[in-house]
Structures are given as structure tokens and as C-alpha cells.
Amino acid sequence: MQLTKTIILKLDSPDNNLEELLSVFSQGMNYASQIVFANGKPMGSGRIQKATYGHLRNELGLKSQMCCNVARQVAGAYKTLHEQITIKQSEWQLLKFGPMSATFSFERDFGFSKDALSITTLAGRKKYKLQIYKYAERYFDGSWKYLASKLCLHRDGSYYFHLACEKDMPDKKITDASTFMGVDVGINRLAVASTTDKKCIFIAGGEIKNHRDIRSKERRRLQKAGGRYLGTRSSMRVLRNLAGRETRFMTAVNHTVSRRLIEFALENDVSVIGMEDLTGIRERTNVPKEFRCEHSSWAFRQLQNFIEYKAGEAGIAVIYVDPAHTSQTCPRCNHISRNNRTGLAFRCEKCGYETHADRVGAMNIEHRARDWRYILESQGGFVSPPDATRFCT
Ligand SMILES: [Zn+2]
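Here's a quick rundown of the structure. (Residues numbered from 1 in each chain as written. Predicted model: local features only at pLDDT ≥ 70, side-chain atom pairs only at ≥ 80, totals over all residues. Heavy atoms only, no water.)

1. Focus: the coordination of the zinc ion
Our working rule: Coordination here is defined by N, O and S atoms within 2.8 Å of the metal (3.2 Å for Na, K and Ca), and since water is not considered, a site can look incomplete. By the criteria applied here, four donors are tetrahedral when all angles lie between 85 and 135 degrees, four are square planar and six octahedral when opposite donors are over 155 degrees apart and every other angle lies between 65 and 115, and any other arrangement is irregular. Each residue's exposure class comes from its accessible area (1.4 Å probe, protein chains only) as a fraction of the maximum for that residue type: buried when under 20%, exposed when over 50%, partly exposed otherwise.
Here the zinc ion is held by C330 (SG), C333 (SG), C348 (SG) and C351 (SG), and the distances to it run 2.3 Å. Around the zinc ion, the 4 donor atoms are arranged such that angles at the metal cover 107 to 114°; this shape is classified as tetrahedral. Look at where the donors of the zinc ion fall in the sequence and you get C-x2-C-x14-C-x2-C. The exposure class of C348 is buried, given its relative accessible area of 1%. A relative accessible area of 29% means that C351 is categorised as partly exposed.

2. Let's talk about the sheet that holds strand β15 (residues 345-347)
What counts, and what does not: In short, DSSP must find at least two bridges between two strands for them to pair. Note on conventions: DSSP H or I runs of at least 4 residues are helices, E runs of at least 2 residues are strands, and numbering of each starts at the N terminus.
Judged by pairing direction, the sheet is antiparallel, and its 3 strands sit side by side in the order β14-β15-β16 without closing on themselves. If you trace the sheet from one side to the other, it starts and ends with β14 (341-342) and β16 (354-356), each paired once. Relative to β15, β14 runs antiparallel, the two sharing 2 bridges. Within β15, the residue paired with R341 across the bridge is F346.

3. A few points about the packing of helix α1 (residues 16-39) against helix α3 (residues 64-86)
Let me state the cut-off plainly: The axes used here are C-alpha line fits, helices contributing only the stretch in contact, and every angle between their N-to-C directions lies in the interval 0 to 180 degrees. Roughly parallel means an angle under 35 degrees; roughly antiparallel means over 145; roughly perpendicular covers 65 to 115; every other angle is labelled oblique. Here is the rule for handedness: rotate from the far helix to the near one, and if that takes an anticlockwise turn smaller than a right angle the crossing is left-handed, while a clockwise turn gives right-handed. Contact criterion: two residues are considered in contact whenever any of their non-hydrogen atoms come within 4.5 Å of each other. In this classification, Asp, Glu, Lys and Arg are treated as charged, Ala, Val, Leu, Ile, Met, Phe, Trp, Tyr, Cys and Pro as nonpolar, and every other residue, Gly included, as polar.
Between α1 and α3, the least distance of the axes is 9 Å, while the angle of their chain directions is 55°. Between α1 and α3, the crossing angle belongs to the class labelled oblique. Judged by the twist between their axes, the crossing of α1 over α3 is right-handed. Contact residues: L21, F25, G28, M29, A32, S33, V36 and F37 in α1; M66, N69, V70, Q73, V74 and Y78 in α3. Partitioned by chemical class, the residues of the contact of α1 with α3 number 10 nonpolar, 4 polar and no charged.

4. Some words on the side chain of S271
Turning to its location among the elements, S271 is positioned in the loop between α5 (233-267) and β12 (272-276). A relative accessible area of 13% means that S271 is categorised as buried. The residues contacting S271, other than those within four sequence positions of it, are A177, S178, T179, I316 and A317.

5. A word on the pattern of salt bridges
Side-chain pairs of opposite charge can arise whenever the charged atoms involved come near each other. Using the following cut-off: Every case where a carboxyl oxygen of Asp or Glu lies within 4 Å of a side-chain nitrogen of Lys or Arg is listed as a salt bridge.
Tallying each qualifying case throughout the model produces 7 salt bridges. Residue E313 pairs with K5 through a salt bridge whose shortest N-O separation is 3.7 Å. Of this pair, E313 sits in helix α7 (residues 296-313) while K5 sits in strand β1 (residues 2-11); the two residues are 308 residues apart in sequence, bridging distant segments of the chain. In this structure, K145 and E166 form a salt bridge, with 3.1 Å as the shortest nitrogen-oxygen distance. Of this pair, K145 sits in strand β6 (residues 145-146) while E166 sits in strand β8 (residues 159-168); the two residues are 21 residues apart in sequence, bridging distant segments of the chain. For E166, a relative accessible area of 13% gives the class buried. Through salt bridges with shared partners, a single network forms among R260, E263 and E267.

6. Focus: the pairing of strand β4 (residues 116-121)
Most of β4 is tucked away, with 6 of its 6 residues classed as buried. Of the two faces of β4, the one holding A116, S118 and T120 and the one holding L117, I119 and T121 are both buried throughout. Note that strand β3 (residues 110-113) and β4 share 4 bridges and pair antiparallel. By the bridge assignment, F110 is partnered in β4 with I119. If you look at the hairpin formed by β3 and β4, you'll find 2 residues sitting between the two strands, and K114 has a positive phi there, around 50°. In the sheet, β4 pairs with strand β5 (residues 124-131) via 6 bridges, with the strands oriented antiparallel.

7. Comments concerning unusual backbone geometry
Located in the positive-phi region is K88, a residue other than glycine, with phi close to 60°. Structurally, K88 is set in the loop between α3 and β2 (101-104). For K88, a relative accessible area of 74% puts it in the exposed group.

8. Overview of the side chain of S258
Mapped onto the elements of the fold, S258 is located in helix α5. On the basis of relative accessibility, which here comes to 0%, the residue S258 falls in the buried class. Apart from residues no more than four positions distant in its own chain, S258 is found in contact with L303, F306, I307 and K310.

Structural data, given as C-alpha cells:
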């Protein structure tokens with residue numbers, strides 16, 4: 001499996017050289033853009049380069065690698081335009097480029113030395129200190145390959161380097177796996193995970209639940225008001241803002257939770273993570289429709305997607321299992337009954353097995369994920385696990 005990622009790194013002390021660079025680079029792109037536009041259809045970067053090299057090199061003073069990068073970036077932009085035309089989302093037009101970004105090629109005109117980015121500017125090779133956050137450190141451990149990347153001027157006036165990198169991940173065989181982990185996502189606990197070795201982690205969602213309750217109360221109040229005033233513009237706007245804030249908040253929470261779960265999986269040598277197939281979760285909930293937080297099923301799926309992506313990066317496989325009765329099934333004897341649960345306590349009415357009720361779901365998911373291995377083994381390993389990508393909506 002090929003993983004690709006773009007990491008955004010802020011430059012600590014940009015100078016005028018960067019401004020000049022982006023300005024001349026965009027002039028070069030606009031020059032190339034006119035040639036492609038006049039051509040009436042997209043051109044490959046090799047042809048663009050041939051047609052523009054003399055002007056870019058001699059008139060604008062771009063370095064020779066930059067001339068290639070200009071051609072590449074313009075070819076890419078017109079290719080995207082062409083794709084949009086194909087689906088009737090756009091028409092043939094002259095693309096204009098502001099002084100917002102410039103492409104660099106690894107080892108040709110950009111590289112790293114310690115925590116500094118080294119790039120070729122019009123004034124020669126220069127170094128800029130980067131702010132490397134903790135999460136980004138692993139992209140510098142030597143296992144990643146760097147691709148063509150961009151220097152960008154963001155709207156906040158700061159310069160950022162959009163480092164594109166890729167890594168080959170060996171495809172792990174599920175039949176070789178020995179340690180599994182079931183992950184149960186829910187409202188009371190954001191996530192509970194349990195491994196084959198009976199290691200368990202609870203990630204509480206108390207604070208988040210409150211936050212969400214307050215938000216949905218606010219939302220209901222506004223929706224009511226909206227009804228009374230026939231959806232006044234201001235109430236609609238507030239509703240939209242609320243949704244945006246909530247989305248950003250849940251996304252941040254899901255990033256934190258998924259990161260913690262993958263750390264836990266790595267600490268415990270987990271090679272396969274099982275999760276519930278949540279397709280249709282909306283239909284299964286018993287909550288009256290008007291009280292249902294419309295974001296919750298979206299948030300669960302996003303959390304699963306984050307876990308799946310981060311698991312992939314860590315070389316851990318993910319499979320989705322049937323979610324039926326995971327919280328009512330006895331992890332020891334498989335007896336299914338509503339009576340097995342009383343509040344936070346789980347006690348199997350048949351065999352007497354006892355544990356914390358929130359943990360049962362994760363344990364059963366772990367069992368079902370492990371069952372997959374036996375099914376695979378018995379069928380000679382030719383059956384692929386349930387298609388993970390199916391659920392990435
Ligand atoms: Zn039992």
C-alpha cells in the first residue's frame with residue numbers, strides 16, 4: 001500500500017527573497033499559461049517547458065530547475081481544468097496565477113538540514129527555520145520519500161511549506177496476525193478498545209458530551225425560533241455557524257482520540273483492529289428523531305476513518321465486523337440477552353461472567369475480528385476481509 005501525505009510546516013523568519021521568488025514564479029506561470037491557453041487544449045509539462053524555457057531563464061531570471069517546476073505546475077492546473085470541463089463544471093479559459101505558491105523538487109531545489117528548509121531562491125540557496133510540531137517529527141525519521149512540494153503564502157500572511165511525502169507500507173496478512181484489538185465508538189465513552197491480551201483503554205467523552213448537549217440545545221432553540229420567524233436569515237446563519245464550529249470541534253476531538261488509540265495499539269503490538277460496520281446506525285438508534293444529534297453518526301464514521309487511516313500509517317490492518325448485539329453478547333459464552341446488562345454492569349445471566357458494561361462491545365468486536373482470521377485460514381486465505389473503503393463516506 002502506498003501512503004501519501006502533505007505536511008504543512010510554517011517558516012519561522014521569511015524574508016523578501018521569498019516574496020520575490022513567488023512573484024517571479026507567478027509571472028513565469030502566467031507566461032506559460034498564455035501559451036497553453038493559445039494552444040486550445042492542455043499541454044504536457046515537457047512541451048510547455050520547451051516553449052517557455054528561454055523566456056523564463058533569460059528574461060525572468062528563473063533557475064533552470066524552477067523553469068521545469070513552472071511548466072509542471074501549469075500543466076497540472078490545466079489538466080485539472082480539463083477534468084472539470086469533461087464533467088461540465090467549467091469551460092476552456094486562461095488560468096491566472098497570483099504570487100501564492102511555487103513548486104520545488106526534492107534534492108534539486110529543496111532539501112532539509114536539521115530543522116531548516118533549504119531552498120533555491122533567485123538569490124541562490126537559502127535556509128529557513130521551520131516550525132516542526134511533534135506530530136510532524138515522524139515524517140523526518142528517514143522512512144518517507146519526499147515528492148515535489150510547494151512553498152505557499154497563506155491568507156494570514158505567513159509562509160508555509162507544503163511538504164508532500166510518500167511511503168510504501170507492506171501489506172500485512174491478516175492470517176499471520178496474533179494480536180487483535182476491538183474498538184467500540186459510542187456517546188458515553190468516545191471509544192473503548194480491548195485487545196486479545198485483555199488490555200483495555202477507555203477514552204472518556206464526558207466533557208465532549210456536555211459540549212455537544214449544550215450545542216444541540218442551542219440548535220433546537222434556534223430551530224424553533226427559525227420556525228416561528230419562518231427561518232429568518234439571522235437564525236439560519238447562526239445555525240450554519242453552529243454547525244461549522246461543531247464540525248471543527250468534533251474533527252479535532254476525533255484526531256486526538258484516533259491518535260491515542262493507535263498509540264495504544266502500537267504499545268500492545270496489535271496487528272489488526274476490528275471496528276463495527278456502522279452503515280445504517282441511524283436507523284438502529286431508538287432515540288426519537290427530533291432529539292437525535294444529526295452529527296453523531298457522522299462523527300462516529302469520521303472517527304473510524306481517522307483510525308483506519310492512522311492504522312494504515314502504522315502498518316495495522318483494519319476490518320469491519322457485524323455490529324449486531326455487540327453490547328448484549330456475553331464475551332465468554334456468547335449468550336445474547338438484554339438482561340445481561342444493568343446500567344454500567346454486565347453480568348451474563350447464563351454463565352455469570354461479569355465485567356464493565358462499556359467494555360463488552362469492544363471485547364465482542366475483538367472476538368469477531370479474530371474470527372475473520374479463522375474464516376480466512378479455513379478458506380486458504382483467499383477471501384479478502386470486508387471492504388474497508390466501502391464505509392468511507
Ligand atoms: Zn456468558
